[in-house]
Amino acid sequence: MTLQLAFQSIGVVFGDLGTSPLYVLPSTFANGIKDNEDLLGVLSLIYYTLTFLPMIKYIVIVLRANDNGEGGTFALYSLICRYAKVGMIPNQQAEDENVSNYRLELPSSNRTKIASKIKSSLENSTFAKYMLLIATMIGTSMVIGDGVLTPCISVLSAMEGIMQATPAMTREKVVWLSILILILLFSIQRLGSDKVGYIFAPILTLWFICIGTIGVYNIIKYDPTVLKAINPLCIVSYFKRNKKHAWVSLGGIILCVTGAEAFFADIGHFSVRAIRLSTCTIVYPSIILCYSGQASYLRKHMDHGPNAFYASVPDPLYWPMFVIAVMAAIIASQALISGAFSIIQQSLAMGCFPNVKVVHTSAKVSGQVYIPEINYILMLFCIVVTFCFKTSAAIGNAYGIAVVFVMTLTSFFMVIVMLMIWKTNVLLVIGYILVFVTIELVYLSSLLFKFKDGGYLPLAFAVVLMCIMYTWNDVNRRKYYYELENKMSPEMVQDIIGSTNVCNVPGLAIFYSDLVDGIPPIFKHYIKNVHALHSVLVFVCIKSLPISKVPVEDRFLFNRIGSKELNVYRCVVRYGYTDLRSEHESFEIVLVRRLREFVADEILVSQENLQNGESDEVTRTNNVIDQAVDAGIVHFIGEREVIARKESNIRKKFLINYGYNFLVKNLRQQTSKVFDVPHQRMVKVGMIYEL
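Residues numbered from 1 in each chain as written. Predicted model: local features only at pLDDT ≥ 70, side-chain atom pairs only at ≥ 80, totals over all residues. Heavy atoms only, no water.

The name recorded for the protein in an unreviewed UniProt entry is Potassium transporter, from Arachis duranensis. Per UniProt, the comment on the protein under Sequence similarities (unreviewed entry) is "Belongs to the HAK/KUP transporter (TC 2.A.72.3) family." Its UniProt record gives the protein the following Function (unreviewed entry) comment, quoted word for word: "Potassium transporter." (UniProt positions renumbered as here; feature names shortened; annotations may be inferred.)

Following this line, the structure appears as C-alpha cells:
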C-alpha cells in the first residue's frame, strides 16, 4: 500500500516542485548573467534552499505534526485546539476525550513548565485565540491563492518553449493554448486524486528520470566543477559581488521550493511514509541534478539565461522533452488544486467556510475529495490571470509571496506545537527559529520588493477569501451565542409536554440545532405556533471535533432529557473535519438504530436496576420508539434568518445583513442535502435571529 501511494503521490504532490526548473533560473537571470561565478552562488542557494526547506523542515519535521494522517494549516490548528481550549465556540464536552483518537500521544518529558505556561496563556487570552484563528484563515487563503497561480505559471512556462522552436507561434497563441489546457485540467478533477494519480504518476516519473538524466549529461559534457557549489562560501561570494541585486534575485531563487507546502497539505490523500519515500528516492535527487546540469550548461553559454531549461536540452531530445514538459506542467497544477480541496474541506468542517458540496472520490482513502464550486472558481481565476499577465516571468513576480507566507505561518504553528505539545527542548526550538524562520523571512523580504510588479495578486486573492471565511465564522459564532442565551431548560420542556394546551401526536420528531446542551429556541418558536408534539423527540446537534476522523462507533452520543416518561433525547453527532457527512445508509436510519441501542444499553447499566424492574420500563420505551417510527419520522430544520440589531454599528450591519446573507443565498448547501433528509418528511421552521 505504501509503495502504491508513493507512486500515486508523484503524480499529485510533486508536480509543482518538479517543474520548477522550467522557470527558476530564467526568472533569476531574466536580465542576463553578469559573472560566470554568479551561477555557482545561485546554484549553491538552490542546493541549500531545497535541502533546508522541503527536505529537513517538511519531510523530517513538519510531517510529524500530522493530525491522524491529515496535514495543512487546519491540521496544526486542530492539534493546538485539542491540547488547549482555544476554540472560539464553547461546545467542548468531557465525553469528547473518550473518542478513541482524540487524545494526543504526548511524549514523556520533564519540560512541562513552559508547556503549561503557554497553554495557560493561550486559554486565558481572547486576543491569542483570535490571532490563532485568523492566522489559520490566512494560511488557508494563501494556499488556495497558490492554487490559482501554480497552474498559470506551470502551463505558461512549458508552452513558452514552443516559441523558441517555431517562430510562427506568437505570444497570443501561446496564451490561448495555455487557457485551453487549463480548462481541460480542471475538467478532469471530478475523477478524483485516486484516478488522477494513476493517470499522472507514470508521466511525472518519466519527467523526473529525464531531467535527472539530462542534468548528469550536461554536468559531464560542459562543466563538472559546478558541483563545488555545494560549498556555502559560494553564497557569501555571490552576495559580496552583487549586494542588493543578489538580495533581489532571491525572489526568483525561492521559486525552487514552490509546492513544498503541498507535501503537508496533501498527506490526507496519501500518507507520511509514501511522501517521504517518493521524495528521497526520486524527487530530490532528480531536481538537484537538473539544476546542476542547467548551471553547467550556462557556464559555457551565459547568453542563454532567460531560456535556461529548453536551451540546456540536447537538440535530439528537444521535442520529446517539450511534450513531456507540457504534460508535467499540467500535472504540476494538480498538487495545489488537490491541496486546495483538502484545506477547504477542513475549514468547512471547522466552521470557517460556507457549506459547499464536498464529493469523496475514493472509497479507500477518505481524504481524497473534489469540490465542484471551488474547482470552477479556481478555473475562472486561472483563465483571467493567464490572459492578463501573458508571460511566466510576469506571473513569477506574484508567485513566491503566497508560498513563503504559508511556510512562515507553518513555522509559527510548529513553534507552538513543539513547545506546548511535543515539549521539545527550548534550545532546539530556538535553533529551528534561527534556521528556518530566518531563511523564510529573508526570502519574504525580497519578494515584497516585487509587490508592485504583481506581488499584490496573491495578497488580494487572500484578502477576498479571508473576508468570506471571517464573515462566515463570525456570524455563525454569533448565532451560537444567541442560541446559548435563548435556550430552554429541560424543566421548561417538561412543563410544555405536560401542558393541556399542547396535543400529542404519534411519531418521531427530529429537531436540528447547533447546541450541545439545552433546548434550542427554535423548539420554543415551533410550540408557540403549532401547539402539537410528537410522542418521541430527539434534539440533534451536528458537531465537528478538532480531529481528522471520528470512529463510527464513537460518532453518536445520546442522553435523556428529563424523566423516562417524556421520551425526549439529545443526540450529539460528532464528525472529524475529513469525515464523510453523507453516510452509505440514510442518516435517519442510523440515528434510529443508535437510539434503540442507547435505550437497550440502559438495561446493562447495573444488575441492581434489572432486579428492581427497570428493564420492563426500558422495554416499554423501546416499544414506544418503534411505534413512533412506524407512525412516521419528521425532520424539523431551522430556517434561521439573521439580521443585525437596530442599534448595531455600520460594520456589524454590513457584515450580517449583506455579507453573510449573500453567502447563505449563493454558496450554502442546506442541511437537508448534506444528510439526505427526505423532502416529504421535512419541515422548515422559520425564525429571525437579531444578532
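Here we come to helix 9 (residues 171–187). In a regular helix each residue adds 1.5 Å, so 17 residues correspond to 24 Å; helix 9 covers 25 Å between its end C-alpha atoms and thus fits that length. Taken together, the buried positions of helix 9 are Val 174, Val 175, Ser 178, Ile 179, Ile 181, Leu 182, Leu 185 and Phe 186. The arc enclosing the buried residues of helix 9, seen along the axis, measures out at 165°, which places them on a common side. (Helix = DSSP H or I, 4+ residues; strand = E, 2+ residues; numbered from the N terminus. Expected span 1.5 Å × (residues − 1). Buried < 20%, exposed > 50% of the residue type's maximum accessible area, 1.4 Å probe, protein only. Arc of directions from axis to C-beta.)

What follows is about the side chain of Asn 218. On the secondary structure map, Asn 218 appears in helix 10 (residues 192–221). Among all residues touching Asn 218, those that are not within four sequence positions of it are Asp 223, Gly 293, Ser 296 and Ser 312. (Contact = heavy atoms within 4.5 Å.)

Side chains that differ in sign of charge can pair as their charged atoms come close. Taken as a whole and assessed by the stated rule, the structure comprises 14 salt bridges. The residue Arg 299 makes a salt bridge to Glu 37 at a minimum N-O spacing of 3.4 Å. Of this pair, Arg 299 sits in helix 14 (residues 272–300) while Glu 37 sits in helix 4 (residues 36–61), and the two are 262 residues apart along the sequence. We classify Arg 299 as buried; its relative accessible area is 12%. For Lys 390, the salt bridge identified is with Glu 172, shortest N-O distance 3.5 Å. Of this pair, Lys 390 sits in the loop between helix 17 (372–389) and helix 18 (392–421) while Glu 172 sits in helix 9, and the two are 218 residues apart along the sequence. On the basis of relative accessibility, which here comes to 22%, the residue Lys 390 falls in the partly exposed class. Judged by its relative accessible area of 40%, Glu 172 falls in the partly exposed class. Where salt bridges share partners, they join Glu 37, Asp 223 and Arg 299 into one cluster. (Salt bridge = Lys/Arg side-chain N within 4 Å of Asp/Glu carboxyl O.)

A word on empty space enclosed by the protein. Under the defined criterion, the tally for this structure stands at four cavities of 30 Å³ or more. Contributing to the lining of the largest cavity are Ile 211, Ile 214, Gly 215, Asn 218, Cys 290, Gly 293, Gln 294, Phe 309, Ser 312, Val 313 and Met 321. Elements supplying a minimum of two residues to the lining of the largest cavity: helix 10 and helix 14. With four residues, helix 10 is the largest single contributor of residues to the lining of the largest cavity. For the lining of the largest cavity, the class distribution of residues is six nonpolar, five polar and no charged. Estimates place the volume of the second largest cavity at around 50 Å³. Lining of the second largest cavity is provided by Leu 17, Leu 50, Pro 54, Met 55, Phe 263, Thr 279, Val 283, Tyr 284 and Ile 287. Broken down by secondary-structure element, the contributors of at least two residues to the lining of the second largest cavity are helix 4 and helix 14. Here the lining of the second largest cavity gets four residues from one element, more than from any other, and that element is helix 14. Considered class by class, the residues forming the lining of the second largest cavity number eight nonpolar, one polar and no charged. (1 Å grid on protein atoms, 1.4 Å probe; cavity = no way out; pocket = protein on both sides within 12 Å on 5 of 7 lines; lining within 4 Å. Points joined across faces, edges and corners; volume = space filled by probe spheres on them. Nonpolar A, V, L, I, M, F, W, Y, C, P; charged D, E, K, R; others polar.)

Let us look at the pairing of strand 7 (residues 633–643). Counting buried positions over the eleven residues of strand 7 gives eight, a clear majority of the element. Summarising the sheet, strand 3 (residues 503–513) and strand 7 pair through four bridges and their orientation is parallel. Bridge assignment links Ala 509 to a residue of strand 7, and that residue is Val 634. Note: strand 7 against strand 8 (residues 682–690), nine bridges, orientation parallel. Counted as the bridge partner of Ile 643 is Glu 690 from strand 8. (Pairing = 2+ DSSP bridges.)

Further remarks concern the layout of surface pockets. Within this model, the second largest pocket holds a volume of roughly 510 Å³. Only helix 3 (24–28), helix 11 (233–242), helix 12 (244–253) and helix 18 provide two or more residues apiece to the lining of the second largest pocket.

Let us look at the packing of helix 18 against helix 20 (residues 456–485). Where helix 18 contacts helix 20, the axes come no closer than 7 Å and their chain directions differ by 50°. One element, helix 18, and the other, helix 20, form an angle in the oblique class. The residues of helix 20 that touch helix 18, namely those facing Ala 398, Ile 401 and Ala 402, are Leu 457, Pro 458 and Leu 459. Taken together, the residues that form the contact of helix 18 with helix 20 break down as six nonpolar, no polar and no charged. (Axes fitted to C-alpha atoms, helices over the stretch in contact; angles between N-to-C directions. Parallel < 35°, antiparallel > 145°, perpendicular 65-115°, else oblique.)

Bringing the packing of aromatic side chains into the picture now. As enumerated under the stated definition, the model contains 31 aromatic pairs in all. Seen in terms of ring centroids, Tyr 222 and Tyr 297 are 5.2 Å apart; in terms of plane orientation they differ by 90°. Their pairing is edge-to-face. In this pair, Tyr 222 sits in the loop between helix 10 and helix 11 while Tyr 297 sits in helix 14, placing the two residues 75 residues apart along the sequence. For Tyr 297, a relative accessible area of 7% corresponds to the buried category. A centroid spacing of 5.2 Å and a plane angle of 85° characterise the contact between Phe 309 and Tyr 310, whose relative ring orientation is edge-to-face. As far as the burial class goes, Phe 309 and Tyr 310 line up, both buried. Counting every residue linked through ring pairs, the aromatic cluster contains Trp 207, Phe 309, Tyr 310, Tyr 318, Trp 319 and Phe 322. For Lys 390, the ring lying beneath its charged end belongs to Phe 387, and the centroid distance is 4.4 Å. (Phe/Tyr/Trp six-rings, centres within 6.5 Å; stacked < 30°, edge-to-face > 60°. Lys NZ or Arg CZ within 6 Å of the ring centre and 35° of its normal.)

Here the focus is the environment of Arg 640. By secondary structure assignment, the location of Arg 640 is in strand 7. Residue Arg 640 is classed as buried on the basis of its relative accessible area of 19%.

Moving on: the sheet that holds strand 8. Through backbone hydrogen bonds, the strands of a sheet pair up, either in parallel or in antiparallel fashion. Reading across from one edge, 5-6-4-3-7-8 is the order of the six strands in this open sheet, with mixed pairing throughout. Looking at strand neighbours, the two that pair on one side only are strand 5 (556–560) and strand 8, the edges of this open sheet. Taken pair by pair, the neighbouring strands of this sheet meet at an average axis angle of 25°, ignoring direction. In terms of strand pairing, strand 4 (residues 532–544) meets strand 6 (residues 568–575) through eight bridges, oriented parallel. Across the sheet, Ile 542 pairs through a bridge with Val 573, a residue of strand 6.

A few words on the packing of helix 5 (residues 73–83) against helix 7 (residues 126–159). Two numbers describe a pair of packed helices, the interaxial angle and the distance between the axes. Two numbers describe how helix 5 lies on helix 7: the axes approach to 9 Å, and their chain directions differ by 160°. With respect to helix 7, the axis of helix 5 lies roughly antiparallel. With respect to the hand of their crossing, helix 5 and helix 7 are arranged in left-handed fashion. In this structure, helix 5 contributes Thr 73, Phe 74, Tyr 77 and Ile 80 to the contact, and helix 7 contributes Leu 132, Leu 133, Ala 135, Thr 136, Gly 139 and Thr 140. Residue classes in the contact of helix 5 with helix 7 are distributed as six nonpolar, four polar and no charged. (Left-handed = near helix turned anticlockwise from the far one by under 90°.)

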